[in-house]
Amino acid sequence: MNQPVNHPSVAPVPTSVLEALARYDTPTICNAMEVVAPERRLIGYTVKPLVCPFPDLPPIVGYARTATMRSTSPSPRAAAAAREHRAAYYEYVGTGPGPRISVIQDLDGANIGTGAFWGEVNSAVHKALGCLGVVTDGSIRDIAQWAPTFQALAGSIGPSHAHVHAVSFGDPVTVAGMTVRSGDLVHADRHGAIVIPFDVAAKLPDAAELLGRREAVILEIARSKEFTIEKLKAAMARSAEIH
């Protein structure tokens, strides 16, 4: 897609819900999703390892801005057309409800990660455009010069940008097994990322709290010096009764 994508003028999910979701790590959101949307137990999240150079950054929640890129061959566009295309891509990234998360698929197949789309410049530009971070199966670089607080999940870390260029933007992409459409709500942290359907987003915090209460009963026994298998069985039974 080479033209700017229209986005809704009103955010699909209230800011208060986004803030609540950001209080939980991504594994907890995945657990909660199994409660409120069990049909998504095997879909909608990353299933392949991604590198996170900034593991101490908090979870991010935002609306996806999707794109595809290549680096193993030069862009087929002439220089002026390539600049125009990149400007259109940046306009797409910077418009619509926020906050936003960039999700970029590397199309280079067996040579994925040859060149990094992401480094000092693009992390700074995307942060300025209202993005909280990037999820990509391609490579990233310039870790020491990376934009502060801008989260990154990537397929690899490498030194060169090779012939890197954006191929398209606004189309559905698949990154590390997770299929994402433009505007989807994405939750991500050092563990990976998950797409959250709009209609269940507000239900996830309560589900996460419920699961936390259930786990607390078992963890209390598991961490106790008086642990026994019989006490564990009793705790499991109490946990199952919490609703």
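Now for a look at the structure at hand. (Residues numbered from 1 in each chain as written. Predicted model: local features only at pLDDT ≥ 70, side-chain atom pairs only at ≥ 80, totals over all residues. Heavy atoms only, no water.)

Let's talk about helix α2 (residues 26-36)
Reasoning step 1: Among the residues of α2, Thr26, Ile29, Ala32 and Met33 are the ones counted as buried. Down the axis of α2, the sector holding all buried residues measures 115°, keeping them to one side. (Buried < 20%, exposed > 50% of the residue type's maximum accessible area, 1.4 Å probe, protein only. Helix = DSSP H or I, 4+ residues; strand = E, 2+ residues; numbered from the N terminus. Arc of directions from axis to C-beta.)

Section: the nonpolar core
Reasoning step 1: Counting 23 residues, the largest nonpolar core has Tyr89, Ile104, Phe117, Trp118, Trp146 and Phe150 as its most contacted members.
Reasoning step 2: Looking at this core, the elements with two or more residues in it are β1 (60-70), α3 (79-93), β3 (116-118), β4 (131-136) and β8 (165-169).
Reasoning step 3: Here the element with the most residues in this core is α3; it accounts for five residues.
Reasoning step 4: Discounting residues that sit within four places of it in the chain, Phe150 has contacts with Phe54, Leu57, Trp118, Ser123, His126, Lys127, Cys131, Leu132, Gly133 and Val134.
Reasoning step 5: One finds Leu18, Leu21, Ala37 and Ala207 within the second-largest nonpolar core, a separate group that totals 19 residues. (Core = buried A, V, L, I, M, F, W, Y, C linked by side-chain atoms within 4.5 Å. Contact = heavy atoms within 4.5 Å.)

Observations concerning the packing of aromatic side chains
Reasoning step 1: This structure, assessed with the given rule, holds ten aromatic pairs.
Reasoning step 2: Relative to Trp146, the ring of Phe54 lies with its centre 6.0 Å away and its plane at 35°, an arrangement referred to as tilted. Here the residue Phe54 occupies a position in the loop between α2 and β1, and Trp146 occupies one in the loop between β5 (139-140) and β6 (151-153), the gap between them amounting to 92 residues.
Reasoning step 3: A relative accessible area of 6% places Trp146 in the buried class. (Phe/Tyr/Trp six-rings, centres within 6.5 Å; stacked < 30°, edge-to-face > 60°.)

What about the pairing of strand β11 (residues 185-189)?
Where a strand is regular, its side chains alternate between the two sheet faces.
Reasoning step 1: When you tally the buried positions in β11, you get five out of five residues, the bulk of the element.
Reasoning step 2: Here β11 shows a buried face lined by Leu185, His187 and Asp189 and a second buried face lined by Val186 and Ala188.
Reasoning step 3: Relative to β11, β1 is paired through four bridges, and the arrangement is antiparallel. For Val61, the partnering residue across the bridge sits in β11 and is His187.
Reasoning step 4: Here five bridges tie β11 to strand β12 (residues 192-196), and the two strands are oriented antiparallel to one another. Across the sheet, the residue bridging to Val186 is Val195, located in β12.
Reasoning step 5: What sits between the antiparallel neighbours β11 and β12 is a turn of two residues. (Pairing = 2+ DSSP bridges.)

Digging into the sheet that holds β3
Reasoning step 1: The sheet built from three strands is open, its strands ordered β3-β5-β7 with parallel pairing. Looking at which strands have only one partner, the edges of the open sheet turn out to be β3 and β7 (156-157).

In short, geometric facts, not functional conclusions.
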